[in-house]
Amino acid sequence: MHGAAPVLRYASVMIQKEPTRAVAGLSYAVREATLEDATFLTECRRRMFEEMDVGSETTDAAGEAFVAYVHRELSARAFFAYVAEADGAPIGSAAAFVHETVPMQLNPSRRVGRIVNVFVEPAWRRRGVASAVVAAVMERLREEGVGAAALAATEDGAPVYERLGFEHYDEMRAVLLPVDEPAGERPKAAGDDEGSDS
C-alpha cells in the first residue's frame, strides 16, 4: 500500500550558455540511449510512476505504448534519452522531447525541451546520478539550440533540479479528451456521411 502521492511542482529553466562540466571521480558513466535501451527506459518510467502512486501509467498497456513510442520517436530523433551505467549495468535515466511555444523575450528560439522520465535505482540515489543524466539532457538541448527546459518535480527531486538552475512556477492542466478516445479521432458529427467512400 502506497502512502500519499508526492506533490508535483513544475519547474523551468532558461538554458544557460555555459557548457556542463563532467564530474571527476564518478563510479558510473553517462551515455546516449539507443533503441536497445527501450525496455530499460520503459521500466524506469513504470517504476517512477509506481513510486508516485500514479497507477494508470504502471499498466502493461502503458508500458507497451511507451516502448512503441521510444522506438518510433528515438528513430525519428524527436525524442532522446541518456542512461547512467555502473559496471555495464544501467542504473538511471532521463529523457526529453522538444516542442515549440509562442515567442517569448526570454526564449527567442521558441523551442522548449520537456524533460521526462528521470529515474535512478534506489541504491544509487544521492550520488549525483540524477544530476548527471539531467545535465546530459540539458547539454544536448543546448547543442540543438533549444532555449529553455521544463520538467515536473516531486518534493524529493526538486533540490536536484534547483542545483541545476531550475526555478518553480505554477502550472495547471485539464484532460480534454476522454481517456478511451484515441487522440486524432473525433466523434462523427451530425450530418457526416456514413458509408461514403469519398
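None of the values given here were measured: they were computed from a predicted structure.

Caption draft 1: Examining the nonpolar core more closely. Core analysis: the largest hydrophobic core is formed by 28 residues, its most contacted members being I115, V134, V137, Y161 and F166. Of all elements in the fold, only β3 (79–86), β4 (89–100), β5 (111–120), α3 (129–143), β6 (148–154) and α4 (158–163) reach the threshold of two or more residues within this core. Among the elements that take part in this core, α3 stands out by supplying eight residues, more than any other. One finds F49, V70, A81 and A95 within the second-largest nonpolar core, a separate group that totals 16 residues.

Caption draft 2: Inspection of the side chain of T42 at higher detail. Tracing the backbone shows T42 in helix α1 (residues 38–51). In contact with T42, not counting residues within four places along its chain, are G63, F66 and V67.

Caption draft 3: Highlighting α1. Compared with an ideal rise of 1.5 Å per residue, which puts 14 residues at 20 Å, α1 spans 20 Å between its outermost C-alpha atoms and is within 8% of the ideal. Of all the positions in α1, only A38, F40, L41, T42, C44, M48 and F49 are classed as buried. Packed against the buried residues of α1 are α2 (60–75), β3, β4 and β5. Positive backbone phi, at 65°, marks D53, one or two positions downstream of α1.

Caption draft 4: The arrangement of the pattern of salt bridges in detail. Applying the stated criterion across every chain, the model contains 13 salt bridges. A salt bridge links R47 to E121, with the nearest nitrogen and oxygen atoms 2.9 Å apart. Here the residue R47 occupies a position in helix α1, and E121 occupies one in the loop between β5 and α3, the gap between them amounting to 74 residues. Across the pair E144 and R140 runs a salt bridge, and its minimum N-O distance is 2.6 Å. With a relative accessible area of 34%, E144 lands in the partly exposed category.

Caption draft 5: Here's a closer look at unusual backbone geometry. Even without being glycine, N117 reaches a positive phi, approximately 60°. Mapping N117 onto the fold places it in strand β5. In this structure N117 comes out as buried when scored by relative accessible area, which is 7%. Residues other than glycine seldom take positive phi values, yet R126 does so here, at roughly 65°.

Caption draft 6: Inspection of the packing of aromatic side chains at higher detail. Under the definition given, this model contains six aromatic pairs. Summarising the aromatic geometry, the rings of Y28 and W124 are spaced 6.0 Å apart at their centres and angled 90° between planes, so their arrangement reads as edge-to-face. Taken as a pair, Y28 in the loop between β1 (8–14) and β2 (29–32) and W124 in the loop between β5 and α3 lie far apart in primary sequence, 96 residues in all. The exposure classification of Y28 matches that of W124, with both residues buried. Between the aromatic rings of Y161 and F166, the centroid separation amounts to 6.0 Å while the plane-to-plane angle is 70°, which identifies the pairing as edge-to-face. Judged by its relative accessible area of 8%, Y161 is buried. Its relative accessible area of 4% is what places F166 among the buried residues. Of the aromatic side chains, those joined through ring pairs into one cluster are F66, Y69 and F79. If you follow R127 out to its NZ or CZ, it ends over the ring of W124, 4.0 Å from the centre.

Parameters at a glance
- Residues numbered from 1 in each chain as written.
- Predicted model: local features only at pLDDT ≥ 70, side-chain atom pairs only at ≥ 80, totals over all residues.
- Heavy atoms only, no water.
- Core = buried A, V, L, I, M, F, W, Y, C linked by side-chain atoms within 4.5 Å.
- Buried < 20%, exposed > 50% of the residue type's maximum accessible area, 1.4 Å probe, protein only.
- Helix = DSSP H or I, 4+ residues; strand = E, 2+ residues; numbered from the N terminus.
- Contact = heavy atoms within 4.5 Å.
- Expected span 1.5 Å × (residues − 1).
- Salt bridge = Lys/Arg side-chain N within 4 Å of Asp/Glu carboxyl O.
- Phe/Tyr/Trp six-rings, centres within 6.5 Å; stacked < 30°, edge-to-face > 60°.
- Lys NZ or Arg CZ within 6 Å of the ring centre and 35° of its normal.

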